[in-house]
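Chain residues, written in single-letter form:
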Amino acid sequence: MQKLPLLYLFFLAIPALFGAESVQARQVFSHTPPFSPDPHAKSIKYPLLETASKAWKVCAVYPHLKDSYWLSINYGMVQQAKKLGIELKVFEAGGYPHLEKQESQLAECRSWGADAIILGTVDRTAYNGKLSQLTGDIPVFAMTNDIDFSDPDIKKNIKARVGVNWYWMGKATGDFLAKRHPKGSGKVKVAWLPGPQLRGGTKPVSTGFNDAVKDSDVEVVTTLWADNSKELQRDLIQQLLIKHPDINYIIGGAVAAEVAISELRSINKNDQIKILSTYLSHGVYRGLRRGKIMFSPTDKMAQQAKLSVDQAVRYLEGKATQTDLSPMIEALTPQHLPEDTITESLSPAEFRPVFRVADHQIIR
């Protein structure tokens, strides 16, 4: 877990941190020692490569491309691959339960002759003791989703990682709420819908949120788990509004927040029940712009992807790089939606998934 004092200096980063050099360098955190559960986070300016020495073959494996979070990662990765002139091949497993499919995709990366593999794992411990069996001697770069660096095989084969500790995403959301309702100000009731119970970043995000609100007048009256599909989240919210019609807030993942807007509108409760999201999506961004969602942190998904491609190419070319990086989490509200932060977070509205890039071009 990252050190609290330094992280919080930048936790609610504002555009002033990005001066004239922002086109060439990103303000990010570098963690030392790398891959540690309790690292020291240092703010650095990280310049992305402008070109590669050859058309390296980079294979990327995602959990899915079903929501705008991973679509935005795909966008950032494609943009950086096009700029550098490398070959990029993308696979997506179709969801967090599909470990066997992702394992087969790693094997396909190896058969393709990948020079490097970027892995967004479907499960933190799924590859313990067997990553090298699937990837051989190909260097692997962890991206976005946490992976178990206590496992010797993983620690040996993963050369670098990019991603935030989702504890801080949950804590950012909880802190925003706790400041609105400090202890003694009057109890408010919250429904907590973090997403799938055993997958992705829902466990640390829940811990961070609960830590933030424990000494406030925020009362979590129910916690409801389900995969990040609109149908499942809609069912949860409809049940919630029947059982707890007196709640003050619906707080959860982006899909839950997006669905909550329409469900509350259908029963004319947009003004009575407020919505917060634990991460940014295109729908959450629209909700923030319209004042329908009060708050969301962003971990700058497009930036993460560009950083990960950059790490892989630097490693392949023997260039010095930072091996453990994370974007600066930024708090977004209807009053604070800086354009540069949104660009580093979300894909353009017209962007569609891309699975191949070669010779600076998207291959359809």
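In what follows, the structure referred to is the one given above.
It should be emphasised that the depicted structure is a prediction, and the values quoted were computed from it without experimental measurement.

Trainee: Would you explain the pairing of strand β10 (residues 249–252) in this entry?
Mentor: On a regular strand, each side chain points to the face opposite its neighbour's, so the side chains alternate between the two faces of the sheet. Every second residue of β10 is oriented toward a common face, with Tyr-249 and Ile-251 on one face and Ile-250 and Gly-252 on the other, all of them buried. In the sheet, strand β8 (residues 188–195) pairs with β10 via four bridges, with the strands oriented parallel. Following the sheet pairing, Leu-193 is matched in β10 by Gly-252. The β-α-β motif built from β10, the intervening helix α9 (residues 254–266) and the parallel element strand β11 (residues 274–277) has right-handed crossover chirality.

Trainee: Would you take a moment to explain the sheet that holds strand β9 (residues 218–225) for this structure?
Mentor: Across a sheet, paired strands are connected by hydrogen bonds in the backbone, their directions being either parallel or antiparallel. Taken in spatial order, the four strands of this open sheet run β9-β8-β10-β11, and their pairing is parallel. What marks the edges here is a single partner per strand, and that holds for β9 and β11. On average, each strand axis in the sheet is tilted by 20° relative to the strand beside it, whichever way the strands run. Here helix α8 (residues 230–243) sits on the sheet and contacts β8, β9 and β10; the angle it forms with β8, its principal contact strand, is near 160°.

Trainee: Help me understand the state of the cysteines in this model?
Mentor: Such a bond, covalent and formed between the sulfur atoms of two cysteines, is termed a disulfide. For the structure on display, the rule yields one disulfide. In this model Cys-59 forms its disulfide with Cys-109; the gap between the sulfur atoms is 2.0 Å. The sign of the -65° torsion about the S-S bond sets the Cys-59-Cys-109 disulfide as left-handed. Of this pair, Cys-59 sits in strand β3 (residues 57–62) while Cys-109 sits in helix α3 (residues 99–112); the two residues are 50 residues apart in sequence, bridging distant segments of the chain.

Trainee: In this structure, what is going on with the nonpolar core? I would like to understand it.
Mentor: Burial of nonpolar side chains together is a common tendency in soluble globular proteins. The biggest cluster of nonpolar side chains holds 87 residues, and the ones touching the most others in it are Tyr-62, Met-77, Ile-86, Leu-88, Leu-193 and Ile-250. Among the elements that take part in this core, helix α2 (residues 68–84) stands out by supplying nine residues, more than any other. Beyond its immediate chain neighbours, meaning those up to four positions away, Tyr-62 contacts Trp-70, Ile-73, Asn-74, Met-77, Val-90, Phe-91, Glu-92, Ala-93, Gln-102, Gly-120 and Met-143. Grouped together as the second largest cluster of nonpolar side chains are 21 residues, Leu-119, Ala-126, Ile-138 and Val-140 included.

Each value, and the rule that gives it
Within every chain, residues take consecutive numbers counted from 1 along the sequence as written. Owing to the predicted nature of the model, reporting of local features is limited to residues with pLDDT of at least 70; listing and counting of side-chain atom pairs is limited to 80 or more, with chain, interface and lining totals taken over all residues. Note: side-chain values were computed over all heavy atoms of the structure, leaving out hydrogens and water. Only protein chains enter the calculation, and the probe is 1.4 Å; a residue is then buried if its accessible area is under 20% of its type maximum, exposed if over 50%, and partly exposed in between. Numbering of helices and strands starts at the N terminus; helices are DSSP runs of H or I of at least 4 residues and strands are runs of E of at least 2. Only strands joined by at least two bridges in the DSSP assignment are considered to pair. Call a crossover right-handed when, viewed with both strands pointing away from you, the route from the first strand across the helix to the second goes clockwise. A fitted line through C-alpha atoms represents every axis, and for helices the fit uses only the stretch in contact; the resulting angles, taken between N-to-C directions, go from 0 to 180 degrees. By definition in these notes, contact holds between two residues if any of their heavy atoms fall within 4.5 Å. Pairs of cysteine sulfur atoms within 2.5 Å are identified as disulfides in what follows. Note on terminology: a nonpolar core comprises buried Ala, Val, Leu, Ile, Met, Phe, Trp, Tyr and Cys residues joined through side-chain atoms within 4.5 Å.

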